[in-house]
Amino acid sequence: MLNTLADTEVLILCGGLGKRLRKVSGKTPKCMVTVADRPFLDIIINYLANLGLRRFILGIGYKADVFKRYYRGRHKGLKISFCREKNPLGTGGAVKNAGRLIKGKYFFVLNGDSFCRFDPGRFLKFHRKKHALASILLSKQLEGKDYGEIKTSR
């Protein structure tokens, strides 16, 4: 059976300490900082839900209770699970830690503190066509000092 977006999990990494944003966020986790009267993470979840994704796993650590309180039972029609890190594991560790909750053949991993418009259906189709083990969606930035850099052959 071909995987659909409704069957595809989205792991959103939300466990960071957000040290660089503390002057603005205070003790609020950076993914939960209010933007346009709602947590930034809501913008990401709603964007993806409007494109057909229904199953979300929040990789949480710092202030995990804030995420649980806010998201438990909030979004009808969506399944939101939590995967807690007791100690920061980094990106790879967070993905491995969430592995027990990922049920489908395909899944997306996103950062909960950044937004990038993309078409998940088109990206999944590209990934399957290439028979890839993993695919990375890149966004061109003018400067990479805050994001890191990836050099490509093109």
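Definitions and cut-offs
Residues numbered from 1 in each chain as written. Predicted model: local features only at pLDDT ≥ 70, side-chain atom pairs only at ≥ 80, totals over all residues. Heavy atoms only, no water. Helix = DSSP H or I, 4+ residues; strand = E, 2+ residues; numbered from the N terminus. Polar contact = N/O pair within 3.5 Å; in protein donor to acceptor, adjacent residues only side chain to side chain. Pairing = 2+ DSSP bridges. Axes fitted to C-alpha atoms, helices over the stretch in contact; angles between N-to-C directions. Core = buried A, V, L, I, M, F, W, Y, C linked by side-chain atoms within 4.5 Å. Buried < 20%, exposed > 50% of the residue type's maximum accessible area, 1.4 Å probe, protein only. Contact = heavy atoms within 4.5 Å. Patch = residues over 30% accessible without salt bridge, like charges linked within 9 Å, V, L, I, M, F, W, Y side chains within 5 Å. Areas by Shrake-Rupley, 256 points an atom, 1.4 Å probe, with all protein chains shown as cover. Salt bridge = Lys/Arg side-chain N within 4 Å of Asp/Glu carboxyl O.

A. Representation of unusual backbone geometry in the model. Located in the positive-phi region is Ala 36, a residue other than glycine, with phi close to 55°. Inspection of the secondary structure assignment puts Ala 36 in the loop between β2 (34-35) and β3 (38-39). Even without being glycine, His 131 reaches a positive phi, approximately 50°. One can find His 131 in the segment after α5 (120-129).

B. Focus on the side chain of His 75. When you line up the elements, His 75 lands in the loop between α3 (64-71) and β5 (79-84). Here Asp 42 takes part through its side chain, which lies 3.2 Å from a polar atom of the side chain of His 75.

C. Representation of the sheet that holds strand β4 (residues 55-60) within the structure. A sheet is described by the order of its strands in space; here four strands give the open sequence β5-β4-β1-β6, paired in parallel fashion. In this open sheet, the two strands that pair with only one neighbour each are β5 and β6 (107-111). Pairwise comparison of adjacent strand axes, ignoring direction, gives a mean angle of 20° for this sheet. Bridge count between β4 and β5: six bridges; the pairing is parallel. When the bridges of β5 are listed, Ile 57 appears paired with Ser 81.

D. Seen up close, the nonpolar core. Among the nonpolar cores identified, the biggest contains 30 residues, and Ile 12, Leu 41, Ile 45, Leu 48, Phe 56, Leu 58 and Phe 108 are the most heavily contacted of them. Counting only elements with at least two residues in this core, the list comes to β1 (9-13), α2 (40-50), β4, α3, β5, β6 and α5. Per element, the largest residue contribution to this core is eight residues, and it comes from α2. Each residue touching Phe 108, except ones within four places of it in the same chain, is listed here: Leu 5, Thr 8, Glu 9, Val 10, Leu 11, Leu 53, Phe 118, Pro 120, Phe 123 and Leu 124.

E. Inspection of the side chain of His 127 at higher detail. Following the sequence through the fold, His 127 ends up in helix α5. The exposure class of His 127 is buried, given its relative accessible area of 10%. Within polar-contact distance, the side chain of His 127 engages the backbone oxygen of Ala 132 at 3.3 Å. Apart from the residues within four sequence positions on either side, His 127 is in contact with Tyr 106, Ala 132, Leu 133, Ala 134 and Ser 135.

F. Quick peek at the environment of Leu 138. As for its placement among the helices and strands, Leu 138 is situated in the segment after α5. Taking the C-alpha atoms as reference points, Leu 138 and Cys 116, separated by 22 residues in sequence, lie 9.2 Å from one another. The residues touching Leu 138, leaving out its near neighbours within four places in the chain, are Ile 150 and Thr 152.

G. Quick look at a nonpolar patch on the surface. Taken together, the side chains of Ile 136, Leu 138 and Ile 150 define a hydrophobic patch exposed on the protein surface, amounting to about 340 Å² of accessible area. Leu 138 sits in the partly exposed class, given a relative accessible area of 47%.

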